[in-house]
Amino acid sequence: MLAVELAAEATTHFRPRGLCASRQCSPNELLSMMRLAFDLAELEADRLYWLMRKWERKNHRFPLLKSWRLLDPLQAVLDQRYWQSDLDVLLASELDECMSVVKLDLDNFKLVNEKLGHSAGDEAIKLACALIKEVFGRVGEVYRRGGDEIVVLAPGLAEQECLNLAEHARRLIAEKFEVWGARRGLSLTPTASIGVVYAVSGCNAVEVTALLDEAQSTAKQLGKNRVVNLACGSNPHTNRPTIGAPAP
């Protein structure tokens, strides 16, 4: 507010377009004009926005920003329109030295739609989104990429910490959906195949996205219900062993 008051005082000599030359703009008037004139998409590409979001995630009881972003059609997590542009901005800004990116989808999800119908499928997606937000909501942004695919961007999250959270999410999803499916008579309940990419400074969005798809696809191919990790950039370990495989 001190900055706004200073800018308002300056309008006595440097008048913004649209102000009457006969008077000075008050701080509240200036704030109103800024709200009308400011493109929120520009703010989302600014370093300050992501610093504020980082603070909010750690101090969720004291939000700094009013939410203007759209949620996905099920109103569960952020809409898919944001995740790719956010990935571009976060990698380009070098706000953090590293970033962990997570992608998952539900195994056996087709069976849910076939046996129980699409309304139950929507319910399953909402449950999965809620569980991922519970695990990753304090460290990153959660998006629905489409269908039953969920993506997490976690700037500054260390590799091993992300792997621990991904494994926790995998186990949580398996446990919760075992109960959820049993109540609905499913013989095969949803689990999660999870891909994780650890990106360091210098990675580009195209490379990270390709690795993310590869990691998640590999988790499917290796038997589902597991976490596969790939690294991007200067990290010497370009491939990691699969972790979180279900017990035999």
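Residues numbered from 1 in each chain as written. Predicted model: local features only at pLDDT ≥ 70, side-chain atom pairs only at ≥ 80, totals over all residues. Heavy atoms only, no water.

(A) Examining the overall build of the chain more closely. Across its full length, the chain holds nine helices and five strands. Counting from the amino terminus, the chain carries its helices and strands in the arrangement α-α-α-α-α-β-α-α-β-β-α-β-α-β. The burial tally for the chain puts 47% of its 248 residues in the buried class. Taking the contacts inside the chain whose residues are at least 6 apart along the sequence as the reference set, 65% of them involve residues at least 24 apart. Counting every atom, the chain has about 13,400 Å² of accessible surface; 54% of that belongs to carbon and sulfur. (Helix = DSSP H or I, 4+ residues; strand = E, 2+ residues; numbered from the N terminus. Buried < 20%, exposed > 50% of the residue type's maximum accessible area, 1.4 Å probe, protein only. Contact = heavy atoms within 4.5 Å. Areas by Shrake-Rupley, 256 points an atom, 1.4 Å probe, with all protein chains shown as cover.)

(B) Representation of the state of the cysteines in the model. As enumerated under the stated definition, the model contains one disulfide in all. Here Cys-203 is linked by a disulfide to Cys-232, with a sulfur-sulfur distance of 2.5 Å. Handedness of the Cys-203-Cys-232 disulfide follows from its S-S torsion of about -140°: it is left-handed. Of the two residues, Cys-203 sits in the loop between β4 (191-200) and α9 (205-221) while Cys-232 sits in strand β5 (residues 226-232), which places them 29 residues apart along the sequence. Left unpaired, Cys-98 is separated from the closest cysteine sulfur, that of Cys-162, by 9.7 Å. Cys-98 gets classed as buried once you look at its relative accessible area, which sits at 14%. (Disulfide = S-S within 2.5 Å.)

(C) Up close: the packing of aromatic side chains. Summed over all chains, the structure comprises three aromatic pairs. Taking the centre distance of 5.8 Å and the plane angle of 45° together, the rings of Tyr-49 and Trp-68 count as tilted. Separated by 19 residues along the polypeptide, Tyr-49 in helix α4 (residues 47-58) and Trp-68 in the loop between α4 and α5 (83-93) bring together distant segments of the chain. Residue classification places Trp-68 among the partly exposed positions, given a relative accessible area of 26%. Between Phe-177 and Trp-180 the ring centres are 5.5 Å apart and the planes differ by 70°, which places this aromatic pair in the edge-to-face class. Taken together, the positions of Phe-177 and Trp-180, both in helix α8 (residues 159-183) and three residues apart, correspond to about one turn of that helix. Just as Phe-177 is buried, Trp-180 falls in that class too. Members of the aromatic cluster, each reached through a chain of ring pairs, are Tyr-49, Trp-50 and Trp-68. (Phe/Tyr/Trp six-rings, centres within 6.5 Å; stacked < 30°, edge-to-face > 60°.)

(D) Local environment of the pattern of salt bridges. By the definition in use, this model includes 18 salt bridges. Put simply, Glu-167 and Arg-171 hold a salt bridge, and the shortest N to O gap is 2.9 Å. With Glu-167 and Arg-171 both in helix α8 and four residues apart, the pair spans about one turn of that helix. Given the relative accessible area of 13%, Glu-167 is considered buried. Residues joined by salt bridges that share partners form a network here, namely Arg-53, Glu-56, Arg-57 and Glu-141. (Salt bridge = Lys/Arg side-chain N within 4 Å of Asp/Glu carboxyl O.)

(E) Spatial organisation of the nonpolar core. Ile-132, Phe-136, Phe-177, Ile-194 and Val-196 are the most contacted members of the largest nonpolar core, which has 37 residues in total. Counting only elements with at least two residues in this core, the list comes to β1 (98-107), α6 (109-116), α7 (118-136), β3 (149-155), α8 and β4. With residues up to four places along the chain from it excluded, the contact list for Ile-194 reads Val-102, Lys-103, Leu-104, Ala-166, Arg-170, Gln-216, Ala-219, Arg-226, Val-227 and Val-228. (Core = buried A, V, L, I, M, F, W, Y, C linked by side-chain atoms within 4.5 Å.)

(F) Quick peek at the side chain of Arg-226. Its location among the elements puts Arg-226 in strand β5. In this structure the side chain of Arg-226 is engaged in a polar contact, spanning 3.2 Å, whose partner is the backbone oxygen of Leu-222. A distance of 2.9 Å separates the side chain of Arg-226 from the backbone oxygen of Lys-224, its partner in a polar contact. (Polar contact = N/O pair within 3.5 Å; in protein donor to acceptor, adjacent residues only side chain to side chain.)

(G) Structural context of the side chain of Glu-159. Counting through the fold element by element, Glu-159 comes out in helix α8. Looking at Glu-159, its side chain comes within polar contact range of the side chain of Asn-229, at 3.0 Å.

(H) Fine view of the sheet that holds β4. The sheet built from five strands is open, its strands ordered β2-β3-β1-β4-β5 with mixed pairing. Two strands in the sheet have a free side with no partner beyond their single neighbour: β2 (141-146) and β5. Averaged over all pairs of adjacent strands, the angle between strand axes in this sheet comes to 20°, irrespective of strand direction. Examined bridge by bridge, β2 and β3 share five bridges and lie antiparallel to one another. Bridge pairing links Arg-144 to Ile-150 in β3. On the sheet, α8 packs against β1, β4 and β5 and is oriented at approximately 170° with respect to β4. The strands touched by α9 within the sheet are β1, β2, β4 and β5, with β4 carrying the most contacts at an inclination of about 150°. (Pairing = 2+ DSSP bridges. Axes fitted to C-alpha atoms, helices over the stretch in contact; angles between N-to-C directions.)

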